[in-house]
Amino acid sequence: MPSLFEEHDLPVSSTSSPLADRLRPADYADMVGQTHLFGDGGALATLEEGAHLPSLILWGPPGCGKTTLARIIAQKSDYHFETASAVINGIKDLREIFDASKKRRLKSIKTLLMVDEIHRFNRAQQDIFLPYIEDGTITLIGATTENPSFELNPALLSRCKIVVLNRLEEDALKHLLERAEKHEKKKLPLDENARETLLNMADGDGRFLLNACEELFALKGETLHKSL
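Reading guide: rules and limits
- Residues numbered from 1 in each chain as written.
- Predicted model: local features only at pLDDT ≥ 70, side-chain atom pairs only at ≥ 80, totals over all residues.
- Heavy atoms only, no water.
- Helix = DSSP H or I, 4+ residues; strand = E, 2+ residues; numbered from the N terminus.
- Buried < 20%, exposed > 50% of the residue type's maximum accessible area, 1.4 Å probe, protein only.
- Pairing = 2+ DSSP bridges.
- Phe/Tyr/Trp six-rings, centres within 6.5 Å; stacked < 30°, edge-to-face > 60°.
- Axes fitted to C-alpha atoms, helices over the stretch in contact; angles between N-to-C directions.
- Contact = heavy atoms within 4.5 Å.

Draft legend 1. Up close: unusual backbone geometry. Residues other than glycine seldom take positive phi values, yet S108 does so here, at roughly 65°. The topology assignment puts S108 in the loop between α3 (91-106) and β3 (111-116). On the basis of relative accessibility, which here comes to 66%, the residue S108 falls in the exposed class. Even without being glycine, D203 reaches a positive phi, approximately 50°. If you trace the backbone, D203 turns up in the loop between α9 (192-202) and α10 (206-218). D203 sits in the exposed class, given a relative accessible area of 51%.

Written out as structure tokens, the structure reads:
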């Protein structure tokens, strides 16, 4: 199975940012771990640059690329991009985003709002999005690890397209190790058994794997095997 990242030269962000962020793809073609989304009949096959964006619910396990996909969609569109998290932000924060979006809309600037862990908002809180999606103030991208059919309001689901992202398979995770080594221009000082252990620990989570790689690159060689 192809990996999350193809062998393209990806944009490199600040070296102070986490490795997972520095290796974040900037194009749909780089997300080959989710090729089912973009092939014939894929949920996002008709998504084109500059086209009208539907509101989306991205459903998938941790570290499969939900946030990455939302950022790529934002980069490819002419929408202003806002982010929020149901873990961090409350209704007051959302109202401020909606008010700012209304003002931008008067200037013909559209707003794309990504809400991480959207299922953590309760049913009453989820209702706040409805009028702003309905009147075009925002286009919503909600990210969730939980089945939206059980965790999200039917009224919200009826206004959004559900996009299912897959758990990363072992081949994809192996390629992430190679991508990290290529970026850092050095090998992880792990033998084959240790590499296999690291892949098992990641359990399909690409972000976990890259964060672990970053920690391993920072350790002295003699402590690496002990860390696993």
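Draft legend 2. Inspection of the pairing of strand β1 (residues 56-59) at higher detail. Judged from the four bridges that link them, β1 and strand β4 (residues 139-144) form a sheet pairing that is parallel. Bridge pairing in β4 links I57 to G142. As judged from the four bridges shared by β1 and strand β5 (residues 161-164), these two strands associate in the parallel manner. Bridge pairing in β5 places W59 opposite V164.

Draft legend 3. Here's a closer look at the packing of aromatic side chains. By the definition in use, this model includes three aromatic pairs. Centroid distance F98 to F129: 6.1 Å. Interplanar angle 85°. Geometry classified as edge-to-face. Here the residue F98 occupies a position in helix α3, and F129 occupies one in the loop between α4 (123-126) and α5 (130-134), the gap between them amounting to 31 residues. For the pair F98 and F129, a shared accessibility class is recorded, and that class is buried. A ring pair is formed by F98 and Y132, whose centres lie 4.1 Å apart and whose planes are at 20°; its orientation type is stacked. With F98 in helix α3 and Y132 in helix α5, this pair connects stretches of sequence that are 34 residues apart. Just as F98 is buried, Y132 falls in that class too. Feature note: the residues F98, F121, F129 and Y132 constitute an aromatic cluster, connected by ring pairs.

Draft legend 4. Geometry of the sheet that holds β1. Taken in spatial order, the five strands make up an open sheet running β2-β3-β4-β1-β5, and their pairing is parallel. One side of each edge strand has no neighbouring strand; the edge strands of this open sheet are β2 (80-85) and β5. Between one strand and the next, the sheet's axes are offset by a mean angle of 20°, whatever the strand orientation. Two elements, β2 and β3, share six bridges in a ladder whose sense is parallel. Counted as the bridge partner of H80 is T111 from β3. Here α3 sits on the sheet and contacts β2 and β3; the angle it forms with β2, its principal contact strand, is near 170°.

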